[in-house]
Amino acid sequence: MQDENCIFCKIAKGEVPTSKVYEDDTCIVFDDNDPLMPVHTLIIPKDHYANIGDGVPEETLGHVFGLVGKIAEMKGVTEGGYRVLVNTGDDASQSVKHLHVHILGGGHMPRPNDQDWGPAATNAAKYGYC
Ligand code: DGP
(Lines give C-alpha, C1' and ligand atoms only; values in the text may rest on other atoms or scores of the structure.)
Protein backbone atom coordinates (compact mmCIF):
# COMPACT_ATOMS: atom_id res chain seq x y z
CA MET A 1 0.00 0.00 0.00
CA GLN A 2 1.81 3.08 -1.25
CA ASP A 3 0.89 6.52 -2.54
CA GLU A 4 3.18 7.47 -5.40
CA ASN A 5 2.86 11.18 -4.59
CA CYS A 6 3.73 10.81 -0.91
CA ILE A 7 7.20 11.95 0.17
CA PHE A 8 7.31 9.49 3.08
CA CYS A 9 6.38 6.59 0.76
CA LYS A 10 9.31 7.66 -1.43
CA ILE A 11 11.59 7.65 1.62
CA ALA A 12 10.25 4.21 2.63
CA LYS A 13 11.04 2.87 -0.86
CA GLY A 14 14.53 4.40 -0.81
CA GLU A 15 13.69 6.73 -3.71
CA VAL A 16 14.49 9.82 -1.65
CA PRO A 17 17.64 9.87 0.49
CA THR A 18 17.28 10.46 4.19
CA SER A 19 19.27 10.18 7.40
CA LYS A 20 18.06 6.70 8.34
CA VAL A 21 18.19 5.73 12.01
CA TYR A 22 16.58 2.29 11.84
CA GLU A 23 14.66 0.05 9.44
CA ASP A 24 12.80 -3.24 9.58
CA ASP A 25 10.16 -4.93 7.42
CA THR A 26 7.34 -2.73 8.75
CA CYS A 27 8.89 0.63 9.59
CA ILE A 28 11.56 3.09 8.69
CA VAL A 29 12.91 5.65 11.14
CA PHE A 30 14.74 8.80 10.09
CA ASP A 31 15.68 12.24 11.38
CA ASP A 32 13.32 15.12 10.63
CA ASN A 33 14.76 17.48 8.01
CA ASP A 34 13.44 20.54 9.86
CA PRO A 35 14.31 19.65 13.46
CA LEU A 36 12.60 21.46 16.32
CA MET A 37 14.94 19.97 18.91
CA PRO A 38 18.48 18.51 18.95
CA VAL A 39 16.80 15.11 18.63
CA HIS A 40 13.86 15.06 16.24
CA THR A 41 13.23 11.67 14.72
CA LEU A 42 10.24 10.24 12.86
CA ILE A 43 8.93 6.68 12.94
CA ILE A 44 6.74 5.75 9.98
CA PRO A 45 5.10 2.55 8.77
CA LYS A 46 6.29 1.68 5.27
CA ASP A 47 2.68 1.22 4.16
CA HIS A 48 0.76 4.40 3.46
CA TYR A 49 -1.85 5.52 5.99
CA ALA A 50 -2.87 9.16 5.89
CA ASN A 51 -2.98 9.38 9.66
CA ILE A 52 -3.40 7.36 12.85
CA GLY A 53 -7.16 7.02 12.21
CA ASP A 54 -6.85 5.78 8.64
CA GLY A 55 -7.60 2.11 9.27
CA VAL A 56 -4.11 1.26 10.44
CA PRO A 57 -4.01 -2.41 11.53
CA GLU A 58 -3.51 -2.76 15.28
CA GLU A 59 -0.45 -4.89 14.65
CA THR A 60 1.14 -2.09 12.64
CA LEU A 61 0.24 0.52 15.24
CA GLY A 62 1.68 -1.71 17.94
CA HIS A 63 4.86 -2.11 15.95
CA VAL A 64 5.22 1.64 15.34
CA PHE A 65 4.68 2.56 18.99
CA GLY A 66 6.66 -0.43 20.18
CA LEU A 67 9.71 1.12 18.54
CA VAL A 68 9.48 4.39 20.48
CA GLY A 69 11.51 3.26 23.50
CA LYS A 70 14.15 1.59 21.36
CA ILE A 71 14.61 4.65 19.16
CA ALA A 72 14.69 6.98 22.18
CA GLU A 73 17.45 4.81 23.58
CA MET A 74 19.35 4.83 20.28
CA LYS A 75 19.11 8.63 20.19
CA GLY A 76 20.25 8.98 23.80
CA VAL A 77 17.20 10.75 25.21
CA THR A 78 15.84 8.23 27.70
CA GLU A 79 17.54 9.78 30.70
CA GLY A 80 16.56 13.38 30.04
CA GLY A 81 13.15 12.51 28.68
CA TYR A 82 11.43 13.06 25.38
CA ARG A 83 8.14 13.95 23.78
CA VAL A 84 6.13 11.67 21.49
CA LEU A 85 3.83 13.51 19.13
CA VAL A 86 1.41 12.45 16.41
CA ASN A 87 -0.16 15.38 14.57
CA THR A 88 -3.42 14.22 13.03
CA GLY A 89 -5.34 16.24 10.45
CA ASP A 90 -5.56 19.92 9.68
CA ASP A 91 -6.52 21.18 13.14
CA ALA A 92 -3.32 19.60 14.47
CA SER A 93 -1.27 21.11 11.61
CA GLN A 94 -0.31 17.72 10.16
CA SER A 95 1.72 18.65 7.09
CA VAL A 96 2.69 15.24 5.70
CA LYS A 97 -0.33 13.00 5.24
CA HIS A 98 1.45 9.74 6.00
CA LEU A 99 1.26 8.50 9.60
CA HIS A 100 4.40 9.47 11.49
CA VAL A 101 5.38 9.56 15.15
CA HIS A 102 7.68 12.38 16.20
CA ILE A 103 10.25 11.75 18.92
CA LEU A 104 11.57 15.05 20.27
CA GLY A 105 14.27 15.49 22.87
CA GLY A 106 17.70 16.71 23.81
CA GLY A 107 16.56 19.66 25.90
CA HIS A 108 13.68 20.96 27.99
CA MET A 109 10.40 21.43 26.16
CA PRO A 110 7.76 23.54 27.88
CA ARG A 111 4.25 22.17 27.90
CA PRO A 112 2.21 23.48 24.98
CA ASN A 113 -0.43 25.77 26.44
CA ASP A 114 -3.52 27.61 25.38
CA GLN A 115 -1.58 30.81 24.82
CA ASP A 116 0.25 29.12 21.94
CA TRP A 117 -2.98 27.92 20.37
CA GLY A 118 -4.49 31.28 19.44
CA PRO A 119 -8.17 31.99 18.95
CA ALA A 120 -9.21 28.31 19.19
CA ALA A 121 -7.94 28.05 22.77
CA THR A 122 -10.43 27.63 25.59
CA ASN A 123 -9.07 30.72 27.30
CA ALA A 124 -8.50 32.76 24.11
CA ALA A 125 -10.25 35.77 25.65
CA LYS A 126 -7.70 35.87 28.45
CA TYR A 127 -4.99 36.41 25.85
CA GLY A 128 -6.98 38.96 23.83
CA TYR A 129 -7.78 36.76 20.84
CA CYS A 130 -11.51 37.43 21.08
P1 DGP B 1 3.85 17.06 10.68
O2 DGP B 1 3.70 18.53 10.77
O3 DGP B 1 3.47 16.35 11.98
O4 DGP B 1 3.12 16.50 9.48
O5 DGP B 1 5.41 16.77 10.49
C6 DGP B 1 6.02 16.46 9.29
C7 DGP B 1 7.50 16.53 9.51
O8 DGP B 1 8.15 15.87 8.43
C9 DGP B 1 8.08 17.93 9.57
O10 DGP B 1 8.63 18.14 10.87
C11 DGP B 1 9.17 17.96 8.52
C12 DGP B 1 9.36 16.52 8.15
N13 DGP B 1 9.64 16.27 6.74
C14 DGP B 1 8.88 16.66 5.69
N15 DGP B 1 9.44 16.26 4.54
C16 DGP B 1 10.57 15.58 4.87
C17 DGP B 1 11.59 14.93 4.11
O18 DGP B 1 11.56 14.87 2.87
N19 DGP B 1 12.60 14.36 4.81
C20 DGP B 1 12.65 14.39 6.17
N21 DGP B 1 13.69 13.79 6.77
N22 DGP B 1 11.72 14.99 6.93
C23 DGP B 1 10.69 15.59 6.27
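How each quantity is defined
- Position numbers for residues count from 1 along each chain, tracking the sequence in the order it is written.
- In keeping with the predicted nature of the model, local features appear solely for residues at pLDDT of at least 70, side-chain atom pairs appear and are counted solely at 80 or more, and the whole-chain, interface and lining totals rest on all residues.
- Only heavy atoms go into the side-chain values, all of them from the structure, while hydrogens and water stay out.
- What makes a residue near a molecule or strand is one non-hydrogen atom of that residue sitting within 4 Å of it.
- In the analysis that follows, any N or O atom pair within 3.5 Å is treated as a polar contact, provided that within protein one partner can donate a hydrogen and the other can accept it, and provided that, for residues neighboring in sequence, both atoms belong to side chains.
- Residue burial considers only the protein chains on display, and all accessible areas are found by Shrake-Rupley using a 1.4 Å probe.
- Secondary structure elements are defined from DSSP: runs of H or I of at least 4 residues count as helices, runs of E of at least 2 residues count as strands, and each element is numbered from the N terminus.
- Lys, Arg, Asp and Glu make up the charged group, whereas Ala, Val, Leu, Ile, Met, Phe, Trp, Tyr, Cys and Pro make up the nonpolar group; the residues left over, Gly among them, are polar.
- Stacked, tilted and edge-to-face are the three classes applied to pairs of Phe, Tyr and Trp rings, where Trp contributes its six-membered ring and a pair requires centres within 6.5 Å; stacked means planes under 30 degrees apart, edge-to-face means over 60, and tilted covers the rest.
- Between buried and exposed lies partly exposed: a residue is buried under 20% and exposed over 50% of the maximum accessible area for its type, with that area taken using a 1.4 Å probe on protein chains only.
- Contact definition: two residues touch when any of their heavy atoms are within 4.5 Å.
- Arc definition: it is the arc formed by the directions from the helix axis to the C-beta atoms.
- UniProt positions are given in the numbering used here, feature names are shortened, and annotations may be inferred rather than shown by experiment.

## Brief notes about the site of the ligand
Near the ligand you find 16 residues, and of these Asp32, Asn87, Ser95, His100 and His102 are the closest. Serine 93 places a main-chain nitrogen or oxygen 3.3 Å from an oxygen atom of the ligand. Burial of the ligand by the protein amounts to 82% of the accessible area it has alone, namely 510 Å². Counting residues per element, the ones that place at least two in the shell around the ligand are helix H1 (7-12) and strand E2 (27-31). For the shell around the ligand, the element with the highest residue contribution is H1, accounting for 3 residues. Partitioning the shell around the ligand into residue classes produces 6 nonpolar, 8 polar and 2 charged.

## Section: the packing of aromatic side chains
A complete count under the given rule lists 1 aromatic pair for this structure. Summarising the aromatic geometry, the rings of phenylalanine 8 and phenylalanine 30 are spaced 5.3 Å apart at their centres and angled 80° between planes, so their arrangement reads as edge-to-face. A residue pair is termed long-range when its members are at least 10 positions apart, and phenylalanine 8 in helix H1 and phenylalanine 30 in strand E2 qualify at 22 residues. The class of phenylalanine 8 is buried, set by a relative accessible area of 8%.

## Brief notes about the side chain of histidine 98
Following the sequence through the fold, histidine 98 ends up in the loop between strand E4 (82-85) and strand E5 (101-105). For histidine 98, the side chain forms a polar contact with the side chain of histidine 48, separated by 3.2 Å. Beyond its immediate stretch of four places on either side in the chain, histidine 98 contacts Cys6, Phe8, Cys9, Ile44, Pro45, Lys46, Asp47, His48, Tyr49 and Ala50.

## Brief notes about helix H3 (residues 68-75)
Because each turn of an α-helix spans 3.6 residues, side chains separated by three or four positions in sequence point in the same direction. Of the positions making up H3, those classed as buried are Val68, Ile71 and Ala72. The buried residues of H3 occupy one face: seen down the axis, they fall within an arc of 100°. The secondary structure elements touched by the buried residues of H3 are strand E1 (20-23), E2, strand E3 (39-45), helix H2 (58-66), E4 and E5. Within two residues after H3, glycine 76 carries a phi angle of roughly 75°, on the positive side.

## Here's the deal with the UniProt feature "active site" (unreviewed entry) in the protein
Following the UniProt record, the feature "active site" (unreviewed entry) maps to His100 here. Summarising the element assignment, histidine 100 is placed in the loop between E4 and E5. Of the residues examined, histidine 100 reaches a relative accessible area of 5% and is grouped as buried. Among residues more than four places away in sequence, those in contact with histidine 100 are Phe8, Leu42, Ile43, Ile44, Leu85, Val86 and Gln94.

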